[in-house]
Amino acid sequence: MNVLAHDEWDARNSAALAAYRGGRMHEARALAEQACEMARQFGPADVRLGTSLGNLGVVYMAYGELLKAEALLRVSLRIRQAHLPPSHPELAASLNNLAMVLDDLDRHQQSFQCYEQVLQIERAHYGETHPEVAATCGNLAALLHKMGRHQEASDCFQRVLDISIAAGGPLSEGAALALNNLADSVERCGDAVQAESLFRQSLHAYEASTQEGHPAPAAAMLGLADLLIKRGQYNEAEALIERALFLRAQAYGQHSGPYALALNARGALLMRLARYREAVQLFQECRRIWEDIAGAESGELATACQNVAEAEAAIGHHRDARAMFARALQIKEGLYGGAHISIANALAAVAAQDQECGFLSQAWDGFQRVLAIQQAAWGEAHPEVWATRCNLAAVLRWQGRLEDALAMLGAAVAGLTVACGPDDLRVAGAWAGMGETCLEMGDLAQAEACWLNCLRIRQLTLGERHDGVARTFCALGDVSRRRGDLDEAEAWLVKAAEVYEQVNGANSSEMADVYLRLFHIYRHRDEDTRARELLLKCARIYEVIHGPNHCTTLRIYALAAVLAVDAEEWDEAHALFDLVQVRVNDMDEAGPVDVMQLHRQMGRYLRRIGAPMDALPLFRHCVQLAEGEPGVPYEDLVDNLTELMFTYASLEDWAGVEQAYEACAKVLSSLPDEHLDLRRETVSDLANWFDLNEMLHPFVQLHDRLRQRYPLLPDLNAIDEGDDDMRAQA
């Protein structure tokens, strides 16, 4: 044996391991690749080559290059099996690494078989109650949860607890950690009551096994708080988080990583309470802590930036959110490179914000890049690959390419069903995308079928009392309302409200969303009193959640003022609009779309009370915002232009009416054929308004002139011929 070559290989291999353990991933990769090349000189079956291939496989796994990692780990295992006895612990380590890669590839059954072999070796070598056995049982339990075998997962965590109790007693720190993991597992099984009991036992064991003021109990406090937040027990959750913050501040200081993690828990509570602005400030504080203690290019800072971005997105500040998501992506690209699987989620988050901002070509390019990274790492049939195709389909839908979107979503449903089984939540997500697309296409029967498939899976997987189930009830309510079955729509929404109230509380943003949907139903039924009551309930929720000067709060109050005018409740109408006018001068920062929606309601109020001259600049501003802001739905632009037409008509300015109608005709004529209904409904609504205001004749003349330039405008005679003949009236 060449001793010098062996020593050089051994030094290079050790340096690679040291770099890996130190988190210096680029250095670890280069050194591990060099060690592999050096080991090849010893022969293709040499155990040193097996060691180097195994180490390089682990590095590739950290980079997310899972298919490369799997290939290397299998060769490494084969070499080691030829040199080592079947019960050698190094074989267990090799099998464990392979099991982790297979788990990440979602080849869960193969991963399960590897973990079973690991346990067999460890039990034979160490005995039943060794910490290595407990660690592998924990890994196996996490895998079983992914396989949907939740009870078996809990049994594994119970075994870990038994080993920990045997080693240190029921009130040891090891038992406390095992109880914490078991509590989380039982919660996943849907037994929140038992989970709460186990979290409390874990907290008691931590407090019994540590001195007063020790930070270890904070872990159980935060786990219990997370469960209580999900159950709506916010007061106790907040108290636990504050205790955890106190312990970690005492032990580590307020400028430390453990303290920042506890602050994140407080931020999660604020997000659940829809106190998004406070959450932004708190997550910004966490971001500053991580930047100071971990550095400007650390993974912890990337996560903190993502938390800030999610809170900004919840407020509706999509540009600010995009900037923070982009910062997180930049950090991760610096850590892992531009093709690493770890950057896929950050890249997808940036693409999603591009989509929200209306930058649809950028969003498409971003999701395509995510898809390429995932395909390289996981292959074509991985569930996350299909999920990204669903994101691409959503971009197509926003672009109006509904047929293409539907085809892509149909393929995703089929692919995810094969990859995950028919009852996986990701399949439900693809059905939901199909339901939204079919609804936009006007295929209400198919939309309902898609949403019912989604509902079945979500109820089976999440149970009846989950906000995901409530969202599906809302979607089914939308389908029923579009079909004209208002009673059925109301029934779906009442079911959604019951779930939201139990899960998120009576004053949640989700409840406000249900109230708005019910408001539209009552308006269709001409139940204006009930509609106004719901609208004011909604406004009060928004006032608590977003603040009295938030644009959404003011928009709802302005809409309530419009309804009060229609009901001739003049005192109420003037009081509501005066409130809006006073607050609008101190309005919180708002996006262009929010401002547009507020100004539209204010303009409607002013026109209805006989002040069209005051309404005119508001509607002009709405049109400018809709035309200048990317991503504004064309329905909003059409609404703004029709309101502008009504206002010009109220001023008897027919030149202005013609200018606004021509702009509206351009928009309607540019829509794809599947939006024929919008053309017909818009022209029908215009004709009805001008008829009610005794101006139908000049409108018909204007419409006929414009049809010569825009032949896709519907013929008034062809619209609802069974009703009054509008041309004859003219």
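Our structure's up above, just so we're on the same page.
On a predicted model such as this, the values are computed, not experimentally measured, just so you know. (Residues numbered from 1 in each chain as written. Predicted model: local features only at pLDDT ≥ 70, side-chain atom pairs only at ≥ 80, totals over all residues. Heavy atoms only, no water.)

S.K.: Tell me about the overall build of the protein, and please be specific about residues and values.
M.R.: The secondary structure content of the protein amounts to 35 helices and 0 strands. Expressed along its principal axes, the backbone C-alpha trace of the protein runs to roughly 105 × 55 × 45 Å. When each of the 730 residues of the protein is scored for burial, the buried share is 52%. Sequence separation of 24 or more characterises 59% of the internal contacts of the protein that already satisfy a separation of 6 or more. Accessible surface computed for the protein: about 32200 Å², of which carbon and sulfur atoms make up 49%. For the protein, the centre of its 65 positive side-chain charges and the centre of its 105 negative side-chain charges are spaced 4 Å apart. (Helix = DSSP H or I, 4+ residues; strand = E, 2+ residues; numbered from the N terminus. Buried < 20%, exposed > 50% of the residue type's maximum accessible area, 1.4 Å probe, protein only. Contact = heavy atoms within 4.5 Å. Areas by Shrake-Rupley, 256 points an atom, 1.4 Å probe, with all protein chains shown as cover. Lys, Arg positive; Asp, Glu negative; His and termini not counted. Charge placed at Lys NZ, Arg CZ, Asp CG, Glu CD.)

S.K.: Account for helix α14 (residues 276-294), naming residues and giving values.
M.R.: Spanning 19 residues, α14 covers 26 Å between terminal C-alpha atoms, matching the ideal 27 Å at 1.5 Å per step. Taken residue by residue, α14 has Tyr-276, Ala-279, Val-280, Leu-282, Phe-283, Gln-284, Cys-286, Arg-287, Ile-289 and Trp-290 as its buried positions. The inward-facing, buried residues of α14 abut α13 (257-272), α15 (299-315), α16 (318-336), α25 (509-524) and α26 (528-546). (Expected span 1.5 Å × (residues − 1).)

S.K.: Tell me about the environment of Glu-297, and please be specific about residues and values.
M.R.: Its place among the elements puts Glu-297 in the loop between α14 and α15. In sequence terms Glu-297 and Asp-685 are 388 residues apart; their C-alpha atoms lie 56 Å from each other. Not counting residues up to four positions away in its chain, the partners in contact with Glu-297 are Arg-327, Ile-331 and Leu-335.

S.K.: Can you lay out the side chain of Asp-354 for me, pointing to particular residues and giving the numbers?
M.R.: As for its placement among the helices and strands, Asp-354 is situated in helix α17 (residues 344-356). Overall, the relative accessible area of 3% leaves Asp-354 in the buried class. At 2.3 Å, the side chain of Asp-354 forms a polar contact with the side chain of Arg-322. Excluding residues within four positions of it along the chain, Asp-354 makes contact with Arg-322, Phe-359, Gln-362 and Ala-363. (Polar contact = N/O pair within 3.5 Å; in protein donor to acceptor, adjacent residues only side chain to side chain.)

S.K.: Help me get a handle on the side chain of Arg-248, residues and values and all.
M.R.: Counting through the fold element by element, Arg-248 comes out in helix α12 (residues 234-252). As a buried residue without a salt bridge, Arg-248 has its nearest oppositely charged side chain in Glu-173, at a separation of 11 Å. Beyond its immediate sequence surroundings of up to four residues, Arg-248 is in contact with Ala-218, Ala-219, Leu-222, Gly-253, Pro-258, Tyr-259, Leu-261 and Ala-262. (Salt bridge = Lys/Arg side-chain N within 4 Å of Asp/Glu carboxyl O.)

S.K.: Describe the packing of aromatic side chains, naming the residues involved and giving the relevant values.
M.R.: Taken as a whole, this structure holds 9 aromatic pairs when the rule is applied. Centre to centre, the rings of Phe-646 and Trp-689 are 4.3 Å apart; their planes meet at 20°, and the pair counts as stacked. Taken together, the residues Phe-646 in helix α31 (residues 634-650) and Trp-689 in helix α33 (residues 676-692) connect sequence positions 43 residues apart. We classify Phe-646 as buried; its relative accessible area is 9%. A centroid spacing of 6.2 Å and a plane angle of 65° characterise the contact between Phe-646 and Phe-690, whose relative ring orientation is edge-to-face. Pair noted here: Phe-646 is in helix α31 and Phe-690 is in helix α33, with a separation of 44 residues, a long-range link. Members of the aromatic cluster, joined through ring pairs, are Phe-646, Trp-654, Tyr-661, Trp-689, Phe-690 and Phe-699. (Phe/Tyr/Trp six-rings, centres within 6.5 Å; stacked < 30°, edge-to-face > 60°.)

S.K.: Outline the packing of α13 against α14, listing residues and values.
M.R.: Their axes nearest at 9 Å, the elements α13 and α14 cross at an angle of 165°. Put simply, α13 runs roughly antiparallel to α14. By crossing handedness, the relation of α13 to α14 is classed as left-handed. Every residue of α14 that contacts α13 at Gly-257, Tyr-259, Ala-260, Leu-261, Leu-263, Asn-264, Arg-266, Gly-267, Ala-268, Leu-270 and Met-271 is listed here: Tyr-276, Glu-278, Ala-279, Leu-282, Phe-283, Glu-285, Cys-286, Ile-289, Trp-290 and Ile-293. (Axes fitted to C-alpha atoms, helices over the stretch in contact; angles between N-to-C directions. Parallel < 35°, antiparallel > 145°, perpendicular 65-115°, else oblique. Left-handed = near helix turned anticlockwise from the far one by under 90°.)

S.K.: So what's going on with helix α1 (residues 3-21)? Residues and values would help.
M.R.: Note that an α-helix has 3.6 residues per turn; residues three or four places apart therefore point the same way. Between its terminal C-alpha atoms α1 stretches 27 Å, which fits the 27 Å expected from 19 residues at 1.5 Å a residue. Those residues of α1 that fall on the buried side of the exposure criterion are Ala-5, Trp-9, Asn-13, Ala-16 and Ala-19. For α1, the angular spread of buried residues about the axis comes to 125°, placing them on one side. Residues Val-3, Leu-4 and Arg-21 are exposed on α1 and point more than 90 degrees away from its buried face. (Arc of directions from axis to C-beta.)

S.K.: Just give me the short version of the nonpolar core, but keep the residues and values in it.
M.R.: Core analysis: the largest hydrophobic core is formed by 255 residues, its most contacted members being Tyr-661, Phe-690 and Phe-699. In terms of residue count, helix α27 (residues 551-566) provides more of this core than any other element does, 12 residues in total. Discounting chain neighbours no more than four positions away, the residues touching Phe-699 are Met-645, Trp-654, Tyr-661, Leu-686, Ala-687, Phe-690 and Leu-716. (Core = buried A, V, L, I, M, F, W, Y, C linked by side-chain atoms within 4.5 Å.)

S.K.: Please give an account of the environment of Val-593 that cites residues and values.
M.R.: Here Val-593 shows up in helix α29 (residues 592-608). For the pair Val-593 and His-550, spaced 43 residues apart in sequence, the C-alpha to C-alpha distance is 13 Å.

S.K.: Explain the pattern of salt bridges to me, and be specific about the residues and the numbers.
M.R.: Enumeration over the complete set of coordinates arrives at 45 salt bridges. With a closest N to O distance of 3.5 Å, Arg-159 and Glu-128 form a salt bridge. With Arg-159 in helix α8 (residues 150-168) and Glu-128 in the loop between α6 (108-126) and α7 (131-146), this pair connects stretches of sequence that are 31 residues apart. Judged by its relative accessible area of 26%, Arg-159 is partly exposed. The salt bridge involving Asp-528 is made with Arg-523; its shortest N-O contact spans 3.5 Å. Here Asp-528 falls in the partly exposed class, since its relative accessible area comes to 27%. Taken together, the shared-partner salt bridges connect Asp-487, Glu-490, Arg-525, Glu-527 and Arg-530 into one network.

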